[in-house]
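Observations on the model geometry
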Amino acid sequence: MIVLAIDTAGTGCFAAVYDSADDTVLASAGADIGRGHAEQLMAFIDDALAASGKSLPDIDRIAVTIGPGSFTGIRVGVAAARGFALALGVPAIGISVLAALAGATREAHPGQAVLAAMDAKRDELYCQSFEADGTARTEPQMLELSEARRIFAGFDGVICGTATKHLIDNPPENVAQTDMTDIRIVARLAAAADPSQGKPSPLYLRGPDVKSQAGFAVARA
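Residues numbered from 1 in each chain as written. Predicted model: local features only at pLDDT ≥ 70, side-chain atom pairs only at ≥ 80, totals over all residues. Heavy atoms only, no water.

Another aspect to go through is the domain arrangement of the protein. According to the domain assignment, the protein consists of domain 1 (2-96 + 179-192) and domain 2 (98-166). Counting from both sides, the interface comprises 12 residues of domain 1 and, opposite them, 15 residues of domain 2. A combined buried area of about 990 Å² lies between domain 1 and domain 2, and 59% of that area is made up of carbon and sulfur atoms. Per-residue buried area on domain 1 facing domain 2 is highest for Pro-68, Ser-96 and Asp-179; these three make up 58% of the total on that side. (Domains from an automatic or database assignment. Contact = heavy atoms within 4.5 Å. Buried area = accessible area lost by both parts, 1.4 Å probe.)

This part covers the packing of helix H1 (residues 37-52) against helix H2 (residues 71-88). Two elements in contact, H1 and H2, have axes whose closest approach is 10 Å; the angle formed by their N-to-C orientations is 45°. Considered as vectors, H1 and H2 are oriented oblique to each other. The handedness of the crossing between H1 and H2 comes out as right-handed. Only Gly-73, Val-76, Gly-77, Ala-80 and Phe-84 of H2 make contact with H1, whose side of the interface consists of His-37, Ala-38, Leu-41, Met-42 and Ile-45. Looking at the contact of H1 with H2 residue by residue, the class counts come to seven nonpolar, three polar and no charged. (Axes fitted to C-alpha atoms, helices over the stretch in contact; angles between N-to-C directions. Helix = DSSP H or I, 4+ residues; strand = E, 2+ residues; numbered from the N terminus. Parallel < 35°, antiparallel > 145°, perpendicular 65-115°, else oblique. Left-handed = near helix turned anticlockwise from the far one by under 90°. Nonpolar A, V, L, I, M, F, W, Y, C, P; charged D, E, K, R; others polar.)

Turning next to unusual backbone geometry. Looking along the chain, the bond that leaves Gly-67 and enters Pro-68 is cis, with omega of 0°. Positionally, Pro-68 belongs in the loop between strand S4 (61-65) and H2. A positive phi angle, near 55°, is found at Arg-122, a position not held by glycine. For Arg-122, the position within the fold is in the loop between strand S6 (113-119) and strand S7 (124-130). The backbone phi angle of Asp-123 is positive, close to 60°, even though this residue is not glycine. Mapped onto the elements, Asp-123 comes out in the loop between S6 and S7.

Space inside the largest pocket adds up to approximately 290 Å³. In terms of lining residues, the largest pocket is bounded by 17 residues, among which Ala-9, Gly-10, Gly-69, Met-118 and Asp-179 are the most central. Only strand S2 (12-19) and S6 provide two or more residues apiece to the lining of the largest pocket. Per-class residue counts for the lining of the largest pocket are eight nonpolar, six polar and three charged. For the lining of the largest pocket, the domains that each give at least three residues are domain 1 (2-96 + 179-192) and domain 2 (98-166). (1 Å grid on protein atoms, 1.4 Å probe; cavity = no way out; pocket = protein on both sides within 12 Å on 5 of 7 lines; lining within 4 Å. Points joined across faces, edges and corners; volume = space filled by probe spheres on them.)

Let us now look at the sheet that holds S2. The strand order S3-S2-S1-S4-S5 describes an open sheet built from five strands, whose pairing is mixed. One side of each edge strand has no neighbouring strand; the edge strands of this open sheet are strand S3 (24-32) and strand S5 (92-95). Sheet twist, expressed as the mean angle between neighbouring strand axes with direction ignored, is 15°. Against the sheet, H1 engages strand S1 (2-7), S2 and S3, with an angle of about 25° to S2. Sheet strands touched by helix H6 (residues 183-192): S1, S2, S3, S4 and S5. Its angle to S2, the strand with the most contacts, is close to 55°. (Pairing = 2+ DSSP bridges.)

With that settled, the discussion passes to helix H3 (residues 97-108). Compared with the 16 Å implied by 1.5 Å per residue over 12 residues, the 17 Å span of H3 between its first and last C-alpha is a close match. With respect to burial, H3 is a largely interior element, nine of its 12 residues being buried. Along H3, the residues classified as buried are Val-97, Leu-98, Ala-99, Ala-100, Leu-101, Ala-102, Gly-103, Thr-105 and Arg-106. Those residues of H3 hidden inside the fold are in contact with S4, S5, S6, S7, strand S9 (157-160) and H6. (Expected span 1.5 Å × (residues − 1). Buried < 20%, exposed > 50% of the residue type's maximum accessible area, 1.4 Å probe, protein only.)

Here it is in structure tokens:
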């Protein structure tokens, strides 16, 4: 399966063409641009396609990060993914940044449960925990720091993400404490996901009715 993966959930703007047959990114393009995702995303997609030797008719599935992250960036990526999916007649799959972070950590620490924790500022964290096989233990949620510490005290696995330092003292150096996603993991999760789950939607964890806005995919990697 050939997947076009898009990641605009953070300050970066990235596109990649991925072949699920051998778990390989054929080509990628992008940069940590801060802002201006709408102006640059299509050029990065064109660059990734050209470098991969593939064209849009070769694409079997679209993958896109849906958050948590940059409100504007997420909307740009999701809109692009939906547009490509409609034009090509292929599924578009939304992958949460939390699932992507956990997927990369499981690859580095196989056989262990993972808690992905992102610093949401204001003494709040975005969190989601996963079993060792990638199955979600919890839904993505925003928690106050004190509540997250209480809930995840003594977590029986690996904690990753920028909020790791808020949950444990002296985090191990071999665990990623970044919210930058590995686009290969995003594409891999999308390739393994159920294509009937529906259109990707932004994952917003702030606000009075976050559950109705949340669309996310968690697949076994």
